[in-house]
Amino acid sequence: MTDPASSAAGPYADQSFQACLFDMDGTLLTSIESAERVWSRWLRHHGFDPAEILPRIHGVQTLETIRRLDIPGIDPQQEADWIAREELADLAGVRAIDGAADFVASLPDHGWAIVTSATRPLAEARLEAAGLVPPPLFITAEDIAVGKPAPDCYVEAARRLELDVTRCLVFEDAPAGIEAGRAAGAAVVVITATHSHPVVTEYPAIRDYRGLTTVHRAGEMRIAPSGGAA
């Protein structure tokens, strides 16, 4: 794991990319307080200990998490819909990761996407609550049949941008998303702002986006210190 203090020039400073593909929750914004409040209520109702299950929910589609719990006698889609409604109604504590607003503002208009396991309404609501601008392209739970850690979501984002996914830079925070980026063949940066424990990964890790920007030339971009030369 790379210590951000040891990488003053930013991750992949010597490489250029065609686009940046961002996970949302835990990567551009934090919604942990809201999500864990709703999920804790749901888990207790179904007889689970939230402390045991909550670490598994992040970065995975809600429907997929419910199916994995294999609860007899429920309709997983109806339960996922209930969680989605409750999360939409509870946006308290949703806020941007430090530096994220300025970093995405530095990106070219069609050079980035958000690729999230959240539904489209929830993704839009959380972005607004965090004060972040919507991306030119959203890939949400409705767009992808097989969610993270499968690479489908990142492959689809690159396809819609008409780019090569292996020339894209993925920003992720959770193991499922990191694996999705790896499986897609993309370079990955791990955002650690919401981590309570270190994530073991071979990819460079930074706490947040403070002090970073992007510079562009001939349809490509690279990460650079804010205020640095192009």
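## Remarks on unusual backbone geometry
Consideration 1: Omega for the peptide link from Lys148 to Pro149 comes to 20°, which places this bond in the cis form.
Consideration 2: Within the secondary structure, Pro149 sits in the loop between β5 (138–139) and α7 (152–160).
Consideration 3: The residue Glu162 is not glycine, and still its phi comes out positive at about 60°.
Consideration 4: When you line up the elements, Glu162 lands in the loop between α7 and β6 (168–172).
Consideration 5: Positive phi outside glycine occurs at Ala218, with the angle close to 55°.
Consideration 6: Inspection of the secondary structure puts Ala218 in the loop between β9 (212–217) and β10 (220–225).

## Digging into the pattern of salt bridges
Two side chains of opposite charge can pair, provided their charged atoms sit close to one another.
Consideration 1: What the rule picks out here adds up to 18 salt bridges.
Consideration 2: Residues Arg160 and Asp143 are paired through a salt bridge, measuring 3.6 Å at the closest nitrogen-oxygen approach. Residue Arg160 is found in helix α7, and its partner Asp143 is found in the loop between β5 and α7; the two are separated by 17 residues along the sequence.
Consideration 3: Residue classification places Arg160 among the partly exposed residues on the basis of a relative accessible area of 38%.
Consideration 4: One salt bridge in this structure joins Arg210 and Asp208, with 2.7 Å as the shortest N-O distance.
Consideration 5: Taking the relative accessible area as the measure of exposure, Arg210 reaches 53% and is therefore exposed.
Consideration 6: It is possible to trace a salt-bridge network through shared partners that takes in Asp143, Glu156, Arg159 and Arg160.

## Describing the layout of surface pockets
Consideration 1: In this model, the largest pocket occupies a volume close to 1100 Å³.
Consideration 2: Lining the largest pocket we find 50 residues, and of these Ile57, His58, Gly59, Val60 and Ala174 sit closest to its centre.
Consideration 3: Those elements that provide at least two residues to the lining of the largest pocket are α1 (32–45), α3 (62–69), α4 (76–89), α6 (120–130) and α8 (175–184).
Consideration 4: Per-element accounting of the lining of the largest pocket gives the leading share, 6 residues, to α4.
Consideration 5: Across the lining of the largest pocket, the residue classes tally to 23 nonpolar, 15 polar and 12 charged.
Consideration 6: Looking at the second largest pocket, its volume works out to about 190 Å³.
Consideration 7: If you go around the second largest pocket, the residues you meet are Thr30, Ile32, Glu33, Arg95, Ala96, Ile97, Asp98, Ala193, Thr194, Arg207 and Asp208.
Consideration 8: Of all the secondary structure elements, the ones that give two or more residues to the lining of the second largest pocket are α1 and β3 (95–96).

## Observations concerning the pairing of β6
Consideration 1: With 5 of 5 residues buried, β6 lies mostly within the body of the structure.
Consideration 2: Burial along β6 is two-sided: the face carrying Cys168, Val170 and Glu172 and the face carrying Leu169 and Phe171 are both buried.
Consideration 3: Pairing geometry for strand β1 (residues 19–22) and β6, over 4 bridges, is parallel. Note that in β6 the partner of Ala19 across the bridge is Cys168.
Consideration 4: Taken together, the 4 bridges between β6 and strand β7 (residues 187–191) define a ladder with parallel strand orientation. Bridge pairing in β7 links Glu172 to Val190.

Parameters at a glance
Every chain is numbered independently, its residues counted from 1 as its sequence is written. Owing to the predicted nature of the model, reporting of local features is limited to residues with pLDDT of at least 70; listing and counting of side-chain atom pairs is limited to 80 or more, with chain, interface and lining totals taken over all residues. Hydrogens and waters are ignored; side-chain quantities use all the structure's heavy atoms. We count a stretch as a helix when DSSP gives it H or I for four or more residues in a row; a strand needs E for two or more, and each element gets its number in order from the N terminus. Salt bridges are counted wherever a side-chain nitrogen of Lys or Arg sits within 4 Å of a carboxyl oxygen of Asp or Glu. Accessibility here uses a 1.4 Å probe with only protein chains present; expressed as a share of the type maximum, an area under 20% marks a residue as buried, one over 50% as exposed, and anything in between as partly exposed. A 1.4 Å probe that fits but cannot get out identifies a cavity on a 1 Å grid over protein atoms alone, an open set with protein on both sides within 12 Å along at least five of seven lines counts as a pocket, and a residue lines either if it has an atom within 4 Å of a point. Grid points are joined across faces, edges and corners, and a volume is the space filled by probe spheres set on the points. Throughout this entry, Asp, Glu, Lys and Arg are counted as charged residues, while Ala, Val, Leu, Ile, Met, Phe, Trp, Tyr, Cys and Pro are counted as nonpolar. The remaining residues, Gly among them, count as polar. Two strands form a pair only when DSSP identifies at least two bridges running between them.

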